[in-house]
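Each chain, letter by letter, is given below.
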Amino acid sequence: MRRKKHKHTRRSVSFYKINHGFREPFKILLDGNFLHATLAANMPHLQELLARLVGGEVKLFTTPCISKELKSLGADFAATAAAARQQQLHKCAHDPPQLPSDCLLSAVRQGNPDHWWIATQDKALQAELASMTAVPVLFATVNGLHLAEPPEQAKAAIAADHAAAQALPKHERQTEALKDLAELRPRDEGWKKFRQKKVKGPNPLAVRKKKPKTCTQQQQGSQQAAAVGEAADGQAGRKRKRQKHKAADVAGHQVGP
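## Notes on the overall build of the protein
Then comes step 1: Per the secondary structure count, the protein includes 11 helices and 6 strands.
Then comes step 2: Looking at the protein as a whole, 26% of its 257 residues qualify as buried.
Then comes step 3: Within the protein, contacts between residues at least 6 apart in sequence are counted, and of these 67% link residues at least 24 apart.

## A few points about the pairing of strand β6 (residues 144–147)
Then comes step 1: Relative to β6, strand β5 (residues 137–141) runs antiparallel, the two being bridged by 4 bridges. Residue pairing across strands places Leu-138 opposite Leu-147, the latter belonging to β6.

## Notes on the packing of aromatic side chains
Then comes step 1: In this structure the tally under the stated criterion is 6 aromatic pairs.
Then comes step 2: Taking the centre distance of 5.0 Å and the plane angle of 55° together, the rings of Phe-26 and Trp-117 count as tilted. With Phe-26 in strand β1 (residues 26–30) and Trp-117 in strand β4 (residues 116–119), this pair connects stretches of sequence that are 91 residues apart.
Then comes step 3: When its relative accessible area of 2% is taken as the criterion, Phe-26 is described as buried.
Then comes step 4: Taken together through their ring pairs, the aromatic side chains of Phe-15, Tyr-16, Phe-22, Phe-26 and Trp-117 make up a single cluster.

## Notes on the pattern of salt bridges
Then comes step 1: Under the definition given, this model contains 1 salt bridge.
Then comes step 2: Where Arg-52 meets Glu-48, a salt bridge forms, and the shortest distance between an N and an O atom there is 3.3 Å. Here Arg-52 and its partner Glu-48 are both found in helix α3 (residues 46–54), 4 residues apart, which amounts to about one turn of the helix.

## Description of helix α2 (residues 32–40)
Then comes step 1: Within α2, burial applies to Gly-32, Phe-34, Leu-35 and Thr-38. Axial view of α2: buried residues confined to an arc of 160°, hence all on one face.
Then comes step 2: One or two residues past the end of α2 sits Asn-42, with phi positive at roughly 60°.

## Observations regarding the packing of helix α4 (residues 64–72) against helix α5 (residues 78–85)
Geometrically, a packed helix pair is captured by the angle between its two axes and the distance between the axes.
Then comes step 1: Axis separation between α4 and α5 bottoms out at 8 Å; the angle between their running directions is 160°. It follows from the interaxial angle that α4 and α5 lie roughly antiparallel. Of the two possible hands of crossing, α4 and α5 adopt the one that is left-handed. Across the interface between the two elements, Ser-67, Leu-70 and Lys-71 of α4 pack against Thr-80, Ala-81 and Ala-84 of α5.
Then comes step 2: Class assignment of the residues belonging to the contact of α4 with α5 gives a composition of 3 nonpolar, 2 polar and 1 charged.

## Quick notes on unusual backbone geometry
Then comes step 1: Omega for the bond connecting Glu-24 with Pro-25 falls within 30 degrees of zero, at -5°, which places this linkage in the cis form.
Then comes step 2: Positionally, Pro-25 belongs in the loop between α1 (2–20) and β1.
Then comes step 3: The peptide bond linking Asp-95 to Pro-96 adopts the cis configuration, its omega dihedral lying at 0°.
Then comes step 4: Note that Pro-96 resides in the loop between β3 (88–89) and α6 (100–108).
Then comes step 5: Of note in the backbone geometry, Asn-42 takes a positive phi value of approximately 60° without being a glycine.
Then comes step 6: Relative to the helices and strands, Asn-42 is located in the loop between α2 and α3.
Then comes step 7: Unlike most non-glycine residues, His-115 shows phi in positive territory, near 60°.
Then comes step 8: Along the polypeptide, His-115 turns up in the loop between α6 and β4.

Each value, and the rule that gives it
- Residues numbered from 1 in each chain as written.
- Predicted model: local features only at pLDDT ≥ 70, side-chain atom pairs only at ≥ 80, totals over all residues.
- Heavy atoms only, no water.
- Helix = DSSP H or I, 4+ residues; strand = E, 2+ residues; numbered from the N terminus.
- Buried < 20%, exposed > 50% of the residue type's maximum accessible area, 1.4 Å probe, protein only.
- Contact = heavy atoms within 4.5 Å.
- Pairing = 2+ DSSP bridges.
- Phe/Tyr/Trp six-rings, centres within 6.5 Å; stacked < 30°, edge-to-face > 60°.
- Salt bridge = Lys/Arg side-chain N within 4 Å of Asp/Glu carboxyl O.
- Arc of directions from axis to C-beta.
- Axes fitted to C-alpha atoms, helices over the stretch in contact; angles between N-to-C directions.
- Parallel < 35°, antiparallel > 145°, perpendicular 65-115°, else oblique.
- Left-handed = near helix turned anticlockwise from the far one by under 90°.
- Nonpolar A, V, L, I, M, F, W, Y, C, P; charged D, E, K, R; others polar.

So far we have only geometry, and geometry alone does not tell us how the molecule works.
Dropping the structure here:
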């Protein structure tokens, strides 16, 4: 499961690097709820964990709007506010301060020209960021840190751009050579049918033919001689047995009165 997660993360990082120009060090804006969730999950070395996740050097930022909100939440978020003060400050120039979600959205509007990564636990903010094509979203769970996959509309837009780049321009499609080629092509190609491959038998050249058995005169003569010899041996054996029986009978007559 962990291997599959790392595989999807590498693909997502490559998508943003190749198609949207993200480069190291990656700049990550941390929402206050993300900082609070990582502290509650005992993730103190946040910069090291995020660098391992995205596979490169990272720089962590917060905004004055986020720091002011954490400070206003009281003692329960004092540790989170202290963690926010340890990060670099991105000056959002909001006066008076805005909600953290509005502050983060203002940083990535107009195509995210500064190549910000957004780390937040706000589901509504994550859904709004998913409608943008060039904003990577990070979030935390009990199983660790995660990078959301690029939205489908972002992938479709990139695929359409690649197809348009590979297509011929209109002025090239109107050249005389391509016009002649279009006239030579058949208008209706529906008549073409793919033939199914029939089951073929064995290769006749690879199959050895059975040769008829032929007996020469010498083989026949040897077989006949062998048969005659066997018959003679059989008769000789029977004669010897008869002679033994006769000898036994003569001995019996001599012994008797």
